[in-house]
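Fold and contact review
So you can see what is in the structure, the chains are spelled out below.
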Amino acid sequence: MNQRKQLLKAFGPGILFASTCIGVSHLVQSTRAGADYGFELVIFIVLANLFKYPFFEFGSRYAAATGKNLLEGYLKEGKWVLWLYFIISLVSMFTVTAAVTFVTAGMLNNLLGIDFNPTYMSGLILLFCTAVLMLGKYHLLDTLLKIIGSVLLISTLVAFFGVLGKGRITPIDGFIPQELFERNGIIFLIALMGWMPTAVDLSTWNSIWAVEKMKDNGGQSNLKNILFDFNFGYIITAVLALCFLTLGAYVMYGSGEELSSNSTVFSDQVVSLYTNALGSWAYPVIAIAAFSTMFSTTITVVDGYGRSMGETLRILFFRQKNSKTMYYGTMVLVSAMAFLFIAYLSSNLKDLVDLATTFSFVVAPLIAWINYKVIMSKQIASEFRPKPWLKTLAISGLIFLTAFAIIYLIVYFLM
């Protein structure tokens, strides 16, 4: 009983990680994968989740082993490593935050049945997320995401099993499947894997949330409990990715429908197509699932970038500064810049999402290598280092990520 209580007390960072993942990569990219290619991309989703696993796990493992976040580990490997992480995050964080918030705005418009300007709706969502995080800090985020995560999981599974029971739609006459192994197909495949389950550079967030949870629990650190929490969240993300792909394949593949670049229209398409397949009873279930998916991602992305970049700036430039001040300041900056990105760059949702996800995949091998280097370094006591099977999987993951990054660059620049 005591062990069960300890596991429950450690629960939280894994849910936050799952909430970060189950957003654009699942609702947008996995649904598009199923809608455009049926079940052709299942193996790539499985492989992306499998080969990225060690590098996310290393973030939680580092926190459990040292009581510190992974950014401190980067610094100990050399200041250049932290600078590299800073530059990568600086390039991607505004686009990523803008992409997830813009989709969330469309989902909220659809849920409320209104046609409010998605740019202004995005601004309100970013303002709300920033205010909640400033007022409630980690504890409120932890509690809020457990509630939203439960709604998301239940509503998505209801929709999934409902679609399975109804069966796949009949393709329209003259339907021609899209070619996967041509230029556009390969570029989409890389974009899909770029955020499947999410970007590798977000592995620092696991360690930061794990450290915050330890503080919440009075400083208690237990490798077994921390990894159980992480693995629980990771398994949920992998399963739901396949659920969303199945929804897209069963409901949209062969329908002749093309997903819109407008966030509100896209949201209505997703909800309406599922409702048409399941029946009118499913509308609130799908609408709630879609919004819960995106809102949980948005608030964790705002928090994650606020914490990681605030901590990076503090370590690099303001060592004596209060980490809370840096967190608040960076979070406001991220939200404000994301709003500007939405205002000026949101004319094509697919391009915005593909840009962010593709960049994440191209830099993934570099971040993965750094995480492996840190976790195998003298910073980590031998009892906390990965077992041989995990080391082998990590090396295989490095090869996998590097190979596909090279393939993307060849296809993009030479084809």
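An account of the accompanying structure is given in this report. (Residues numbered from 1 in each chain as written. Predicted model: local features only at pLDDT ≥ 70, side-chain atom pairs only at ≥ 80, totals over all residues. Heavy atoms only, no water.)

Remarks on the overall build of the chain
For the chain, the helix and strand inventory stands at 15 helices and zero strands. The long-range share in the chain, meaning contacts at least 24 apart out of those at least 6 apart in sequence, stands at 87%. Carbon and sulfur atoms provide 66% of the accessible area of the chain, an area that totals close to 16500 Å². (Helix = DSSP H or I, 4+ residues; strand = E, 2+ residues; numbered from the N terminus. Contact = heavy atoms within 4.5 Å. Areas by Shrake-Rupley, 256 points an atom, 1.4 Å probe, with all protein chains shown as cover.)

Considerations on the packing of helix α6 (residues 79-112) against helix α12 (residues 283-316)
How two helices sit against one another is set out by the angle between their axes and by the gap between those axes. Here α6 crosses α12 at 155 degrees, and the two axes come no closer than 8 Å. On the basis of the axis angle, α6 is roughly antiparallel to α12. In the crossing of α6 with α12, the sense of the turn from one axis to the other is left-handed. A per-class count over the contact of α6 with α12 returns 26 nonpolar, ten polar and one charged. (Axes fitted to C-alpha atoms, helices over the stretch in contact; angles between N-to-C directions. Parallel < 35°, antiparallel > 145°, perpendicular 65-115°, else oblique. Left-handed = near helix turned anticlockwise from the far one by under 90°. Nonpolar A, V, L, I, M, F, W, Y, C, P; charged D, E, K, R; others polar.)

Some details on the side chain of S296
In this fold, S296 is placed in helix α12. Here the side chain of S296 touches S292 through a polar contact of 2.9 Å, landing on its backbone oxygen. With sequence-adjacent residues up to four places away left out, S296 is seen in contact with S19, L145 and I148. (Polar contact = N/O pair within 3.5 Å; in protein donor to acceptor, adjacent residues only side chain to side chain.)

Here we look at the packing of aromatic side chains
For the coordinates displayed, the defined rule picks out 25 aromatic pairs. Taking the centre distance of 4.9 Å and the plane angle of 50 degrees together, the rings of F400 and F404 count as tilted. You can see F400 and its partner F404 sitting in helix α15 (residues 388-414), four residues apart, about one turn around the helix. Among the aromatic residues, ring-to-ring pairing joins F17, Y53, F56, F230 and Y234 into one connected group. Stacked on the ring of Y327, the Lys or Arg R307 has its end atom at 4.5 Å from the ring centre. (Phe/Tyr/Trp six-rings, centres within 6.5 Å; stacked < 30°, edge-to-face > 60°. Lys NZ or Arg CZ within 6 Å of the ring centre and 35° of its normal.)

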